[in-house]
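Take a look at the letters that make up each chain.
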Amino acid sequence: MKRAFISSILIFLLIFLASSIFHAQANSPIVNSKIVSVIVYPEMALIKKAVTVELKKGDNTATLSGLTPDIIDDSIQISSPEPDINILDLKVSETYLTEFEQEEVKRLKKQLEEVEKSLLLKSAEKDAIKLFSSTIERFSPQLKDQQMNIPAINSYFELFEKIFNKIGRAMAELEEELKKLNKEKERLESELKSYGSKKEKSKALSILLYSKKEGKGTLEVSYLVRGARWSPGYYLRANTVTGKYTVEYLAMISQNSGEDWKDAEIIISTQRPVSFRDIPKQRPWYVDRAERRVLPFLKKGLELAREAPDVEKEMEEMEFTPRVEEELVAVNFILPRGMNIPSDGKPHRIVLATKEKDTAIKYTTVPRSSPYAYLKAEFENPLTYPMLPGKIKIYLDNRFVGELLLNNTLYPGERREIPLGIDESIKVERKLIRKFTEYQGILTKETAISYDYLTEITNGRSKEIEIELKDNLPVSKNEKIRIEVKEPEDRSMVKEDGSYTLLLKLKPKETYRLKTSFTVIFPREWEITGVE
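Residues numbered from 1 in each chain as written. Predicted model: local features only at pLDDT ≥ 70, side-chain atom pairs only at ≥ 80, totals over all residues. Heavy atoms only, no water.

S.K.: Just to check I follow, could you spell out the overall build of the chain for this structure?
M.R.: Each helix and strand counted, the chain has four helices and 27 strands in total. Within the chain, the fraction of its 532 residues that count as buried is 34%. Total accessible area on the chain is roughly 35600 Å²; 52% of this is exposed by carbon and sulfur atoms. (Helix = DSSP H or I, 4+ residues; strand = E, 2+ residues; numbered from the N terminus. Buried < 20%, exposed > 50% of the residue type's maximum accessible area, 1.4 Å probe, protein only. Areas by Shrake-Rupley, 256 points an atom, 1.4 Å probe, with all protein chains shown as cover.)

S.K.: Teacher, can you tell me more about the pairing of strand β8 (residues 228–239) here?
M.R.: Two faces make up the sheet, and in a regular strand the side chains alternate between them. Relative to strand β9 (residues 244–255), β8 runs antiparallel, the two being bridged by twelve bridges. Among the inter-strand pairings, A238 is bridged to a residue of β9, identified as Y245. The hairpin turn running from β8 into β9, its antiparallel successor, is four residues long, and G243 in that turn takes a positive phi close to 70 degrees. Both β8 and strand β19 (residues 390–396) contribute to a ladder of six bridges, which runs parallel. Among the inter-strand pairings, R237 is bridged to a residue of β19, identified as Y395. (Pairing = 2+ DSSP bridges.)

S.K.: Is there a simple way to explain the layout of surface pockets in this structure?
M.R.: A water-sized probe rolled over the atoms picks out the places where empty space is left. By volume, the second largest pocket amounts to about 460 Å³. Within the lining of the second largest pocket, the residues separate by chemical class into ten nonpolar, four polar and five charged. (1 Å grid on protein atoms, 1.4 Å probe; cavity = no way out; pocket = protein on both sides within 12 Å on 5 of 7 lines; lining within 4 Å. Points joined across faces, edges and corners; volume = space filled by probe spheres on them. Nonpolar A, V, L, I, M, F, W, Y, C, P; charged D, E, K, R; others polar.)

S.K.: I keep staring at the environment of N60 and nothing clicks. Help me out?
M.R.: With respect to the element layout, N60 can be found in strand β3 (residues 58–67). Residue classification places N60 among the buried positions, given a relative accessible area of 4%. When the C-alpha atoms of N60 and Y210 are compared, they prove to be 6.1 Å apart, with 150 residues separating the residues in sequence. Within the local environment of N60, its side chain forms a polar contact with the backbone oxygen of G58, the two atoms lying 2.9 Å apart. (Polar contact = N/O pair within 3.5 Å; in protein donor to acceptor, adjacent residues only side chain to side chain.)

S.K.: Help me understand the sheet that holds strand β22 (residues 426–440) in this model?
M.R.: Strand-to-strand pairing in sheets goes through backbone hydrogen bonds, with the strands running parallel or antiparallel. Ordered in space as β22-β23-β27-β25, the four strands form an open sheet in which the pairing is antiparallel. Both edges of this open sheet fall to β22 and β25 (482–487), since each of them pairs with a single strand only. Across the sheet, the mean angle from the axis of one strand to that of its neighbour is 15 degrees, orientation sign disregarded. (Axes fitted to C-alpha atoms, helices over the stretch in contact; angles between N-to-C directions.)

S.K.: When you look at the pattern of salt bridges in this model, what are you seeing that I'm missing?
M.R.: One side chain can pair with another of opposite charge once the charged atoms of both are near each other. Throughout the structure, instances matching the rule amount to 17 salt bridges. One salt bridge in this structure joins E403 and K393, with 2.7 Å as the shortest N-O distance. Highlighted residues: E403 in strand β20 (residues 399–406) and K393 in strand β19, separated in sequence by ten residues. Overall, K393 belongs to the partly exposed group, its relative accessible area being 29%. In this structure, D452 and R434 form a salt bridge, with 3.5 Å as the shortest nitrogen-oxygen distance. Of this pair, D452 sits in strand β23 (residues 446–459) while R434 is found in strand β22, placing the two residues 18 residues apart along the sequence. For R434, a relative accessible area of 38% gives the class partly exposed. (Salt bridge = Lys/Arg side-chain N within 4 Å of Asp/Glu carboxyl O.)

S.K.: What exactly am I supposed to notice about the confidence of the model for the chain here?
M.R.: As a general rule, the predicted coordinates of low-pLDDT regions are not to be interpreted in detail. Confidence in the prediction for the chain averages 79 pLDDT; 78% of positions are at 70 or higher. In this model, residues 294–314 is a region of pLDDT below 50 whose contacts with residues beyond four sequence positions or in other chains number three contacts. (pLDDT = per-residue confidence, 0-100. Contact = heavy atoms within 4.5 Å.)

S.K.: Would you explain the sheet that holds strand β17 (residues 361–365) in this entry?
M.R.: An order of β21-β18-β17-β24-β26 is seen for the five strands of this open sheet, with the pairing classed as mixed. Every interior strand has two partners, whereas the edge strands, β21 (415–422) and β26 (499–506), have only one. For this sheet the average axis-to-axis angle between neighbouring strands, irrespective of direction, equals 30 degrees.

S.K.: Quick question: what am I supposed to make of the nonpolar core here?
M.R.: One broad trend across soluble globular proteins is that nonpolar side chains are buried collectively. Core analysis: the biggest nonpolar cluster contains 73 residues, and Y249, W261 and I467 have the highest contact counts within it. With eight residues, the next largest nonpolar core counts Y41, L224, I267 and I334 among its residues. (Core = buried A, V, L, I, M, F, W, Y, C linked by side-chain atoms within 4.5 Å.)

S.K.: Sorry if this is basic, but what is going on with empty space enclosed by the protein here?
M.R.: Put simply, the largest cavity is a space of about 40 Å³. Forming the walls of the largest cavity are L55, E82, D84, I85, S211, K213, E214, G215, K216 and G217. By residue number, the principal contributor to the lining of the largest cavity is strand β7 (residues 215–225), which donates three residues. In terms of residue class, the lining of the largest cavity is made up of two nonpolar, three polar and five charged.

S.K.: I keep staring at the side chain of S222 and nothing clicks. Help me out?
M.R.: With respect to the element layout, S222 can be found in strand β7. Residues contacting S222, with those up to four places away along its chain left out, are L46, I47, K48, S75, I76 and Q77.

S.K.: Explain unusual backbone geometry to me, please; I cannot follow it from the model alone.
M.R.: Excluding glycine, residues mostly carry a negative phi; peptide bonds, for their part, are mostly trans. The omega torsion across E487 and P488 is 5 degrees, close enough to zero to call that bond cis. Along the chain, P488 turns up in the loop between β25 and β26. Look at D397: it is not a glycine, yet its phi comes out positive at around 50 degrees. For D397, a relative accessible area of 33% corresponds to the partly exposed category.

S.K.: Hey, could you run me through the packing of aromatic side chains in this one?
M.R.: Each aromatic ring pair is characterised by the separation of its centres together with the angle its planes make. Under the defined criterion, the tally for this structure stands at ten aromatic pairs. Centre to centre, the rings of Y249 and F333 are 5.6 Å apart; their planes meet at 85 degrees, and the pair counts as edge-to-face. Feature note: the residues Y234, Y249, F333 and Y385 constitute an aromatic cluster, connected by ring pairs. Its guanidinium or amino end placed over the ring of Y395, R237 lies 4.7 Å from that ring's centre, counting from NZ or CZ. The aromatic ring of Y453 is capped on one face by R430, whose charged end is 4.1 Å from the ring centroid. (Phe/Tyr/Trp six-rings, centres within 6.5 Å; stacked < 30°, edge-to-face > 60°. Lys NZ or Arg CZ within 6 Å of the ring centre and 35° of its normal.)

This is how it looks when you write it as structure tokens:
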């Protein structure tokens, strides 16, 4: 009797819970959401969504689930453009994948790994067949170099026909298998993406609202996410023929927010959102005598530090013309609609602006340090807004020459010198053509070593060039070491440290020669450094 009573109670509770869940689901409004705009900041993004809800008259709870766990809770804002809807409350909760969903994700990931492994093996097999084919072609006997009769020629062609027929069939089979594997990979990635918006942990927004009427209602939801960012980059293309350079301002966007940004207005902003802070208080500015106290156990370390020498510290591309809005604290690049930035964490390159400008491309050579002529350009920011710190990829006459890091913001009209690499058509050579040692003096015995250097610069280009020649004459750091310079005779341009710069203009095929002659005199028992 007692057991039957307990069973009845359990059945009643189950029926009550089931009816409660059914009632809750039946009264839960249907929610549809779509991303309408995204503002991408350097370290986060502001997502704006349009949400449509089927509402009843009175209190309603709308739930947005499966959102990224990277949402910054304090940034969530809810509003409605409709006067009949009032937002009453908002709750943020964390949700997790069910055990079944977690197992399904693991299964899909394992299948995807196996497919990717098969793709690698099949691609390697394809490359091996290509290599074999090219090897056969390269080492096959040439008819023109051999005395071959008709039967031998026929046998030769029959053999190679069989080989290449097999190669062709193998390649066709491999292409078909690769096609199937790629299709399977796309299917698995698509299935994984359906779970990817939730991942193992996600967030849900429960919005409590009051509606004065029944029917569809519209909400506007916005929030900041940490799983998205952009960074600036630049292409600098210099042309030595036209004397112009073109700068391309790039944005590298990556996002892993769990949702693809499809057909949304995307704005790239230079602003860095921060939480509001109190204005710092004004403090007095005192100046006083410094009292220097050194703890006993630190004294030895400081003495050693003083003695130590100083050490010097040293993608898919989308092209269009975005609309630019310059605000008080930021620059916004508004991209056209119809763009798709998938939630894959990979960088997507977007060209924000392109500008061409005249420049003076000059040559510099330091023969004593390097046997090359280096190109440089006076670069000026040609844009109407700042160039933020980022990498500059440099191209000279359509040839990639290197990469430079723009460490500091370059404001409109601000200039800096940009290296453009080496020009191999300008020949620079510095050689020691004579070295002579003699011993002089009776009472004061001294050693005198004479040096003759010849520097030659040849313009191998078809047009006149302007080149800076930077050189040095030796300078004595000891009163007992004397240096007597014979050439160059005109030393008016030589600075105290012995450095000087010559500005040369060389016609096509012209060679400039500079002779440097000097004698170093020092006590005979000494050994000196700084010369060969």
